[in-house]
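Here is what each chain is made of, one letter per residue.
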Amino acid sequence: MINRYAVAVLAALAAVATPALGADKGKVELAYVEWSSEVASTNLIKAVLEDMGYDVKITPVSAAAMWQAVGSGDVDGLVAAWLPTTHNHYLEQVSDTVEDLGPNLVGTRIGLVVPAYVEIDSIVDLNGAAERFDGKIIGIDPGAGLMSKTEQVLEDYGITDLKLVEGTGPIMTAVLGDAIDKNEWVVVTGWTPHWKFAEYDLKYLDDPKGVYGGEEEIHTVVRAGLKEDMPEVYAVLDNFNWTPDQMAELMVLNQERRADPLKNAKLWIAEHPDVVASWMPSAESE
């Protein structure tokens, strides 16, 4: 596997005329939120840029801190911006000092998720089923845009019999899995892509008021001046684009192997050299 990975990556990089591996080309800093999707994408970009000779530091932070860091120029960018709904209020605060490079993945969604066996289909029905859910909606970290949207859902739908419980992504999936093992009702804050949809039979609760918005995109956002300071890095980030199915492959790999996400990203690169080649700077002129 190691040899096959090395051959594939070297071939992909050579095909787009990138410098030799190991060259010291400067430091790149990226921030991300610890959603499984963003762990996958950020480690993937780290692996690609390191193969090109950059020293790449990635830092997991809250959503608010992630946007503050790129807005202030403390980090060079992020590939974890959920727009136009989830992170829009953060983007508005820093719009003068960042550049939105557009979507790197199209076809995402956020909302309230339950096991398929749960006998309600809409957020409207939550109050009436509060006891079955033990009066709880299992959430993630309090700074996440998904959590603020869910707080708005509770207000707009008049949901008073369930409490939004703060936590983390891993805690949320652990509670979800435990409830499913016991065939119990549970409702969690959820998003797509996520490995839990491959692992379990789940469904989103209908949101007739549209509070969560419709289909979203994950965007790449960089600090002002990155194009002039590091044009090659800027080009890779600008070209970075993959599909929900491709992201799901890496997320499932991260979940199943329980290994370093960076190592798994390198394995993914080995299986998709043509995709990686399309992100290289020369791809802009093709």
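Please read all numbers here as calculations on a predicted model, not as lab measurements.

Peer 1: Just to check I follow, could you spell out the side chain of His87 for this structure?
Peer 2: Take His87: it is sitting in the loop between strand 3 (77–83) and helix 4 (88–94). According to the relative accessible area criterion, His87 is buried, its value standing at 1%. If we skip the residues at most four places from it in the chain, His87 touches Ala63, Met66, Trp67, Ala80, Ala81, Trp82 and Gly145.

Peer 1: Would you mind going over the side chain of His194 with me for this structure?
Peer 2: Among the secondary structure elements, His194 is positioned in the loop between strand 7 (188–192) and helix 7 (196–199). A distance of 2.9 Å separates the side chain of His194 from the backbone nitrogen of Lys196, its partner in a polar contact. Excluding its chain neighbours within four sequence positions, the residues that come into contact with His194 are Ser36, Thr173 and Met251.

Peer 1: Even after reading the chapter, I still don't get the nonpolar core, so can you show me in this structure?
Peer 2: In terms of nonpolar packing, the biggest core is built from 95 residues, with Leu126, Phe133, Trp242 and Trp279 touching the most fellow members. In this view, Phe133 contacts Val114, Val118, Ile120, Leu126, Leu162, Trp185, Val186 and Val187; residues no more than four positions away in its chain are not counted.

Peer 1: Quick question: what am I supposed to make of unusual backbone geometry here?
Peer 2: Most peptide bonds take the trans form, and the phi angle of most residues other than glycine is negative. In this model, Leu83 is joined to Pro84 through a cis peptide bond whose omega is 10 degrees. Counting through the fold element by element, Pro84 comes out in the loop between strand 3 and helix 4. Residue Asp134 is not a glycine yet carries a positive backbone phi of 60 degrees. Relative to the assigned elements, Asp134 resides in the loop between strand 4 (98–115) and strand 5 (136–138). Judged by its relative accessible area of 56%, Asp134 falls in the exposed class. A positive phi angle is found at Asn183, which is not glycine, with a value near 60 degrees. Mapped onto the secondary structure, Asn183 falls in the loop between helix 6 (169–181) and strand 7. The exposed category is assigned to Asn183, whose relative accessible area is 53%.

Peer 1: Mind showing me how you'd approach helix 5 (residues 145–156) here?
Peer 2: A turn of α-helix holds 3.6 residues, and therefore any two residues three or four places apart point the same way. The end-to-end C-alpha distance of helix 5 is 16 Å, a good match for the 16 Å that 12 residues give at a rise of 1.5 Å each. What helix 5 keeps buried is the set Gly145, Leu146, Met147, Lys149, Thr150, Val153 and Leu154. Contacts from the buried residues of helix 5 go to helix 4, strand 4, strand 5, strand 6 (163–165) and strand 7. Gly158 lies just past helix 5 and shows a positive phi near 65 degrees.

Peer 1: So what exactly am I meant to see when it comes to the packing of aromatic side chains here?
Peer 2: Both the distance between ring centres and the angle between the ring planes are used here to describe each pair of aromatic rings. Under the criterion given, the structure shown has nine aromatic pairs. Arranged with centres 5.4 Å apart and planes meeting at 50 degrees, the rings of Phe133 and Trp185 form a pair that is tilted. You can see Phe133 sitting in the loop between strand 4 and strand 5 and its partner Trp185 sitting in the loop between helix 6 and strand 7, a full 52 residues away along the chain. A relative accessible area of 12% means that Trp185 is categorised as buried. With centroids separated by 5.5 Å and ring planes inclined at 20 degrees, the aromatic side chains of Phe197 and Tyr204 adopt a geometry described as stacked. You can call Tyr204 buried: its relative accessible area is 13%. Taken together, the ring pairs in this structure connect Phe240, Trp242, Trp268 and Trp279 into an aromatic cluster. The ring of Tyr204 carries the charged tip of Arg109 above its face, separated from the ring centre by 4.0 Å. Positioned above the aromatic ring of Tyr157, the side-chain terminus of Lys209 is 5.5 Å from the ring centre.

Peer 1: I'm lost on the pattern of salt bridges in this one. Help?
Peer 2: As a working rule, side chains carrying opposite charge can pair if their charged atoms are close by. Counting across every chain of the model gives seven salt bridges. The partner of Asp121 in a salt bridge is Lys203, with the nearest N and O atoms 2.6 Å apart. Of this pair, Asp121 sits in the loop between strand 4 and strand 5 while Lys203 sits in strand 8 (residues 202–204), placing them 82 residues apart in sequence. A network of salt bridges, in which partner residues are shared, links Asp76, Arg223 and Asp229.

Peer 1: Mind showing me how you'd approach the layout of surface pockets here?
Peer 2: Over the atoms, a rolling probe the size of a water molecule traces out where space has been left empty. Roughly 610 Å³ of internal volume is contained in the largest pocket. Around the largest pocket, the lining comprises 27 residues; the ones closest to its centre are Glu34, Ser36, Val39, Gly169 and Pro170. The set of elements that each furnish at least two residues to the lining of the largest pocket consists of helix 2 (36–51), helix 6 and helix 10 (244–257). Top contributing element to the lining of the largest pocket by residue count: helix 6, with four residues. A per-class count over the lining of the largest pocket returns 15 nonpolar, nine polar and three charged.

Conventions and cut-offs
Residues numbered from 1 in each chain as written. Predicted model: local features only at pLDDT ≥ 70, side-chain atom pairs only at ≥ 80, totals over all residues. Heavy atoms only, no water. Helix = DSSP H or I, 4+ residues; strand = E, 2+ residues; numbered from the N terminus. Buried < 20%, exposed > 50% of the residue type's maximum accessible area, 1.4 Å probe, protein only. Contact = heavy atoms within 4.5 Å. Polar contact = N/O pair within 3.5 Å; in protein donor to acceptor, adjacent residues only side chain to side chain. Core = buried A, V, L, I, M, F, W, Y, C linked by side-chain atoms within 4.5 Å. Expected span 1.5 Å × (residues − 1). Phe/Tyr/Trp six-rings, centres within 6.5 Å; stacked < 30°, edge-to-face > 60°. Lys NZ or Arg CZ within 6 Å of the ring centre and 35° of its normal. Salt bridge = Lys/Arg side-chain N within 4 Å of Asp/Glu carboxyl O. 1 Å grid on protein atoms, 1.4 Å probe; cavity = no way out; pocket = protein on both sides within 12 Å on 5 of 7 lines; lining within 4 Å. Points joined across faces, edges and corners; volume = space filled by probe spheres on them. Nonpolar A, V, L, I, M, F, W, Y, C, P; charged D, E, K, R; others polar.

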